[in-house]
Amino acid sequence: MGAPPQLTPEERAKALAKAKLSRQERAALKVRIKSTELTIPQIFEIATTDEAIAKMRVLELIESIPGMGKVRAKAVMERLNISLTRRIQGLGRHQIESLIQEFATPSGKEKGKLLVLSGPGGVGKSTVAKALKVSSPFYVSVSATTRLPRFNEVEGIDYHFYSHDQFSEAISRGDFLEWAEFAGNRYGTPRKAVEDALRDGKNVLLEIEISGAKQVKEKMQEALLVFLEPPTWEELVSRLEGRGTDSAERRAARLALAQEEMAAASFFDKVVINTEVEKVVATLIEFASAH
Ligand code: 5GP
């Protein structure tokens, strides 16, 4: 970096006055955003010709949208993969489009509900998810994983099976709404399919492990978290033991994990005991429509 420019007193006064004007202009714009006078596309339009607005931080802009505030604004930016220090002029085309979509005034279509079904491994989450897919119009997200396919699993239906490199690349592209490591493998929820379905008014189900559920709640406060519990601990042990698809070592690791996971129930919006699959499915549909 070269030395700072030497300014004459007049130049300095001029620069200070310009900065003051820019601040005033941005403050006035925020008032207009707060009063819903201006929409996001209109602001981006203004920024193409107005330097002061182009230099505004995106975080400041989002915070000014009614109902947002600091915490929500940060969560939205993280979810859309936009750096918290980004200015409007530094936004890429995709980021502009995703911001416009995020704050588009609803075109009569209500956003779908996001239901996250979690609970200890082996409790029967995937059976519930499959049953829900068959008996309701829920969009059931298909996760990506680095785990090898089990003999009965199909690419694109049970999972998208990724190599470790593919998974790392997907993380760095910001493709995942959440991802976590579980029993030596990585699992992640593809963001785009979920967001498209929600915007389309469809209810969405994620069937994921507990730390992923927590990540989703941090990013989307409106997500409804359901914890599926086994009827008894013995039932869970026998299910994990009876899993012919896993090795003995893997079953033991999963059992140890399940013990830890059972302690996480209090974080969830609702706890459902997995007595019968149909009952759980009915409870989930009811829970989504009640919110
Ligand atoms: P499995 O290997 O038995 O199919 O899944 C292991 C665990 O990973 C289960 O608890 C399942 O719910 C969870 N899981 C599946 N997909 C995802 C995902 O996209 N994200 C996270 N965080 N967990 C997942």
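The structure displayed is predicted, hence computed values, not measured ones. (Residues numbered from 1 in each chain as written. Predicted model: local features only at pLDDT ≥ 70, side-chain atom pairs only at ≥ 80, totals over all residues. Heavy atoms only, no water.)

Participant: Any chance you could break down the environment of Val226 for me, citing the residues and the numbers?
Facilitator: One can find Val226 in strand 8 (residues 224-229). The exposure class assigned to Val226 is buried, which follows from its relative accessible area of 1%. Not counting residues within four places of it along the chain, the set of residues in contact with Val226 comprises Leu115, Val116, Leu117, Ser118, Phe268, Lys270, Val272, Leu284 and Phe287. (Helix = DSSP H or I, 4+ residues; strand = E, 2+ residues; numbered from the N terminus. Buried < 20%, exposed > 50% of the residue type's maximum accessible area, 1.4 Å probe, protein only. Contact = heavy atoms within 4.5 Å.)

Participant: Summarise the site of the ligand; cite the residues concerned and give the values.
Facilitator: By nearness alone, 17 residues border the ligand, and Ser143, Arg147, Tyr159, Tyr187 and Glu207 come closest of all. In this structure, an oxygen atom belonging to the ligand sits 3.1 Å away from a side-chain N or O atom of Arg150. Tyr187 has a polar side-chain atom sitting 2.5 Å from an oxygen atom of the ligand. Burial of the ligand by the surrounding chains reaches 95%, relative to a free accessible area of 510 Å². Sorting the residues of the shell around the ligand by element identifies strand 5 (176-182) and strand 6 (185-190) as the ones contributing at least two each. Residue classes in the shell around the ligand are distributed as 5 nonpolar, 4 polar and 8 charged. (Near = heavy atom within 4 Å. Polar contact = N/O pair within 3.5 Å; in protein donor to acceptor, adjacent residues only side chain to side chain. Areas by Shrake-Rupley, 256 points an atom, 1.4 Å probe, with all protein chains shown as cover. Nonpolar A, V, L, I, M, F, W, Y, C, P; charged D, E, K, R; others polar.)

Participant: Tell me what's going on with the side chain of Arg191, and back it up with residues and numbers.
Facilitator: Inspection of the secondary structure puts Arg191 in helix 9 (residues 191-199). Its relative accessible area of 11% is what places Arg191 among the buried residues. Setting aside anything within four residues of it in sequence, one finds Arg191 in contact with Glu78, Arg79, Leu80, Gly174, Asp175, Phe176 and Leu177.

Participant: Lay out the sheet that holds strand 8 in plain terms, naming residues and giving numbers.
Facilitator: Pairing in this open sheet of 5 strands is parallel, and the strands run 2-7-1-8-9 from one edge to the other. Looking at strand neighbours, the two that pair on one side only are strand 2 (139-140) and strand 9 (270-273), the edges of this open sheet. Direction of pairing for strand 1 (residues 114-118) relative to strand 7 (residues 204-207): parallel, over a ladder of 4 bridges. Along strand 7, the bridge assignment pairs Leu115 with Leu205. In the packing of helix 9 onto the sheet, contacts are made with strand 1, strand 2 and strand 7, and the angle to strand 7 comes to roughly 150°. (Pairing = 2+ DSSP bridges. Axes fitted to C-alpha atoms, helices over the stretch in contact; angles between N-to-C directions.)

Participant: Lay out the pattern of salt bridges in plain terms, naming residues and giving numbers.
Facilitator: Going through the model one piece at a time under the given rule, you end up with 18 salt bridges. For Arg93, the salt bridge goes to Glu97, with nearest N and O atoms at 3.4 Å. On the criterion of helical spacing, the pair formed by Arg93 and Glu97 is a turn pair, its members being 4 residues apart in helix 6 (residues 93-102). What makes Glu97 partly exposed here is its relative accessible area of 39%. Here Glu153 makes a salt bridge to Arg147, at a shortest N to O gap of 2.9 Å. A single salt-bridge network, built from bridges that share partners, covers Arg79, Glu102, Arg191 and Glu195. (Salt bridge = Lys/Arg side-chain N within 4 Å of Asp/Glu carboxyl O.)

Participant: Explain unusual backbone geometry to me, and be specific about the residues and the numbers.
Facilitator: If you check the backbone angles, Asn81 has positive phi at about 65° while not being a glycine. When you line up the elements, Asn81 lands in the loop between helix 5 (69-79) and helix 6. With phi around 50°, Ala183 is a residue other than glycine that occupies positive phi space. Positionally, Ala183 belongs in the loop between strand 5 and strand 6. Residue classification places Ala183 among the partly exposed residues on the basis of a relative accessible area of 21%.

Participant: Tell me about the domain arrangement of the chain, and name the residues and values.
Facilitator: When the domains of the chain are assigned, the result is domain 1 (9-102) and domain 2 (114-290). Counting from both sides, the interface comprises 8 residues of domain 1 and, opposite them, 10 residues of domain 2. Carbon and sulfur atoms make up 46% of the area that domain 1 and domain 2 hide from each other, which totals about 690 Å². The tally of links between domain 1 and domain 2 comes to 1 salt bridge. The interface formed by domain 1 and domain 2 includes 4 residue pairs in polar contact (both at pLDDT 80 or more). (Domains from an automatic or database assignment. Buried area = accessible area lost by both parts, 1.4 Å probe.)

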